[in-house]
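Next come the chains, spelled out residue by residue.
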2 protein chains.
Amino acid sequence: MFSGCSAENPPIRIGDKWTSKIIVCLKSGPRRFSELQVPLRGVTPKVLTATLRAMERDGLVTRTAYPEIPPRVEYELSPLGRTLLEPMAAMCAWSRAHLHELLDARESAL
Amino acid sequence: MFSGCSAENPPIRIGDKWTSKIIVCLKSGPRRFSELQVPLRGVTPKVLTATLRAMERDGLVTRTAYPEIPPRVEYELSPLGRTLLEPMAAMCAWSRAHLHELLDARESAL
């Protein structure tokens, strides 16, 4: 996701391509690392770790380590992270309505 | 911009970080290459050319070359490109309301 509202300011990178998917996965509540890996097929552990760390650093996700044996770590959307659900829903509605047009154009341009 | 609605599908790259800025610049009507360069400070001609070509290929932008001397080329949002203005407005509203929180968190994590 990118923030590119005004033309003048430099674009600010909010997340890589996995960020929005992780937000969707955390919508319904906290998840463990392994619970994120299942729906996010195609993400490597290394990339998932890096993306979660970046989201934590940006205040979008909180990471809670429970002192249990075996250790349990859960990731949860922060209040700030939850505010992204609304604009993401607008983008998803766009995708459902129009993404096929874009992909058709892309394919016929090959 | 990325389309990452469902967790299962691979993320689809709709544009690089300049795409949303170019859409904003074309909101009010067609623009020439040089007219895009002025507000998009920081973009190199090479990157602007590549981004506009990708947007043309994706059906978001139309390119019209007028047979004049000197030649005139204008870029304009297609109807499909205009459909992106609404979800982008939602993202921009989010930025105005919350981006400073994200940047504060990012800075304090350094």
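The present account deals with the structure reproduced in this document. (Residues numbered from 1 in each chain as written. Chains lettered and ligands numbered in written order. Predicted model: local features only at pLDDT ≥ 70, side-chain atom pairs only at ≥ 80, totals over all residues. Heavy atoms only, no water.)

1. Notes on the sheet that holds strand β3 (residues 31-32) of chain B
Residues and elements named next belong to chain B. Which entries qualify depends on this criterion: DSSP calls a pair of strands paired once it identifies at least 2 bridges connecting them. Helix and strand definitions follow DSSP, with helices as H or I runs of at least four residues and strands as E runs of at least two, each counted in order from the N terminus.
The sheet built from three strands is open, its strands ordered β3-β5-β4 with antiparallel pairing. Bordering the open sheet on either side are β3 and β4 (61-66), each of which pairs with just one other strand. In this structure, β4 lies alongside strand β5 (residues 72-77), joined through six bridges in antiparallel fashion. Residue pairing for β5: T62 is matched across the bridge by E76.

2. With respect to the sheet that holds strand β3 (residues 31-32) of chain A
Adjacent strands of a sheet pair through backbone hydrogen bonds, lying either parallel or antiparallel. Spatially, three strands are ordered β3-β5-β4 (chain A) in an open sheet, and the strand pairing comes out antiparallel. A strand with exactly one partner marks an edge of an open sheet, and here the two such strands are β3 and β4 (61-66) of chain A.

3. Observations regarding the packing of aromatic side chains
Short version of the rule: Centres within 6.5 Å are what make two rings of Phe, Tyr or Trp a pair, Trp counting through its six-membered ring; a difference in plane orientation under 30 degrees is then read as stacked, over 60 as edge-to-face, and the rest as tilted. Charges are assigned to positions over rings by a cutoff of 6 Å between ring centre and Lys NZ or Arg CZ, combined with an angular limit of 35 degrees from the ring normal.
The full count for this structure, using the stated rule, is zero aromatic pairs over all chains. Over the aromatic face of Y66(A) sits the side chain of R72(A), whose NZ or CZ is 4.1 Å from the ring centroid.

4. Re the pattern of salt bridges
Pairing is possible between side chains that carry opposite charge, provided their charged atoms lie close to one another. The line we're drawing: We count a salt bridge whenever a side-chain nitrogen from Lys or Arg sits within 4 Å of a carboxyl oxygen from Asp or Glu. For every residue, the accessible area obtained with a 1.4 Å probe (protein chains only) is divided by the maximum for its type, and the residue is called buried under 20%, exposed over 50%, and partly exposed between those limits.
This model, assessed by the stated rule, comprises eight salt bridges over all chains. Across the pair E68(A) and R72(A) runs a salt bridge, and its minimum N-O distance is 2.9 Å. Between D58(B) and R106(A) there is a salt bridge, with the nearest N and O atoms lying 2.7 Å from each other. With D58(B) in the loop between α3 (45-57) and β4 and R106(A) in helix α5 (residues 85-108), the pair connects residues from two separate chains. Residue classification places D58(B) among the buried positions, given a relative accessible area of 2%. Several salt bridges converge on common partners, so that one network encompasses R57(A), D58(A) and R106(B).

5. With respect to the pairing of strand β5 (residues 72-77) of chain A
As defined by bridge partners, β3(A) adjoins β5(A) across two bridges and the pair is classed as antiparallel. If you follow R31(A) over to β5(A), its bridge partner there is Y75(A).

Everything listed here is a matter of coordinates, which is why it stays silent on function.
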